Amino acid sequence: KQWYQRRVRETESVRYVYQPLDKLYIVLVTTKTSNILEDLETLRLFARVIPEYCRTIDEKEISDKVFELIFAFDEIIALGYRENVSLAQIKTFTEMDSHDEKVFQAVRQTQEKKKKKKK
């Protein structure tokens, strides 16, 4: 029970589940009715994702990689519910999204060049 008390704080309606990550903390905010074991597993997965995208775990590096982290976190949580994904799947999905975005940008640049040539 002591470990649980050190990692969880509750208010009347919200539960904060947190974990130290080097000099920072990662915090998951849930409802009090959520499954605490699932919350802890979700928090662990978030904590495993961060070092995959950040060379160091500090505020500056996390700020520099914020969009990559948000995209990765979005693979974990969808519409407020945890997706059943592994760390490897998250990496694959975010790399696919990145590739799709690059293809889209290349097509758009080609279209813009064609428009400029017509003018």
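Here, the structure is the one placed above.
Summarised in this report is the structure supplied together with it. All of these numbers come straight from a predicted model, not from anything done at the bench. (Residues numbered from 1 in each chain as written. Predicted model: local features only at pLDDT ≥ 70, side-chain atom pairs only at ≥ 80, totals over all residues. Heavy atoms only, no water.)

**Digging into helix α2 (residues 36–53)**
Next up, step 1: In a regular helix each residue adds 1.5 Å, so 18 residues correspond to 26 Å; α2 covers 26 Å between its end C-alpha atoms and thus fits that length.
Next up, step 2: Restricting attention to buried positions, one finds in α2 the residues Ile-36, Asp-39, Leu-40, Thr-42, Leu-43, Leu-45, Phe-46, Ala-47, Val-49, Ile-50 and Tyr-53.
Next up, step 3: N-cap assignment for α2: the residue whose side-chain oxygen lies 2.9 Å from the backbone N of Leu-37 is Asn-35. (Helix = DSSP H or I, 4+ residues; strand = E, 2+ residues; numbered from the N terminus. Expected span 1.5 Å × (residues − 1). Buried < 20%, exposed > 50% of the residue type's maximum accessible area, 1.4 Å probe, protein only. Polar contact = N/O pair within 3.5 Å; in protein donor to acceptor, adjacent residues only side chain to side chain.)

**Topic: the environment of Thr-11**
Next up, step 1: With respect to the element layout, Thr-11 can be found in the loop between β1 (8–10) and β2 (14–21).
Next up, step 2: Once residues within four sequence positions are removed from consideration, Thr-11 is found in contact with Tyr-16 and Lys-32. (Contact = heavy atoms within 4.5 Å.)

**Concerning the side chain of Thr-94**
Next up, step 1: Checked against the element boundaries, Thr-94 lands in helix α5 (residues 87–118).
Next up, step 2: Here Tyr-53 takes part through its side chain, which lies 2.8 Å from a polar atom of the side chain of Thr-94.
Next up, step 3: Setting aside chain neighbours within four positions, we find Thr-94 in contact with Tyr-53, Phe-71, Ala-72 and Glu-75.

**Observations concerning the pattern of salt bridges**
Next up, step 1: According to the stated counting rule, one finds six salt bridges in the structure shown.
Next up, step 2: For Glu-61, the salt bridge identified is with Arg-55, shortest N-O distance 3.3 Å.
Next up, step 3: For Arg-55, a relative accessible area of 74% puts it in the exposed group.
Next up, step 4: As a salt-bridge pair, Glu-112 and Arg-108 come within 3.5 Å of each other at their nearest N and O atoms. With Glu-112 and Arg-108 both in helix α5 and four residues apart, this pair spans about one turn of that helix.
Next up, step 5: A residue is classified by how much of its surface remains accessible, and Arg-108, at 38% relative accessible area, is partly exposed. (Salt bridge = Lys/Arg side-chain N within 4 Å of Asp/Glu carboxyl O.)

No statement about biological role is implied by the geometric values presented.
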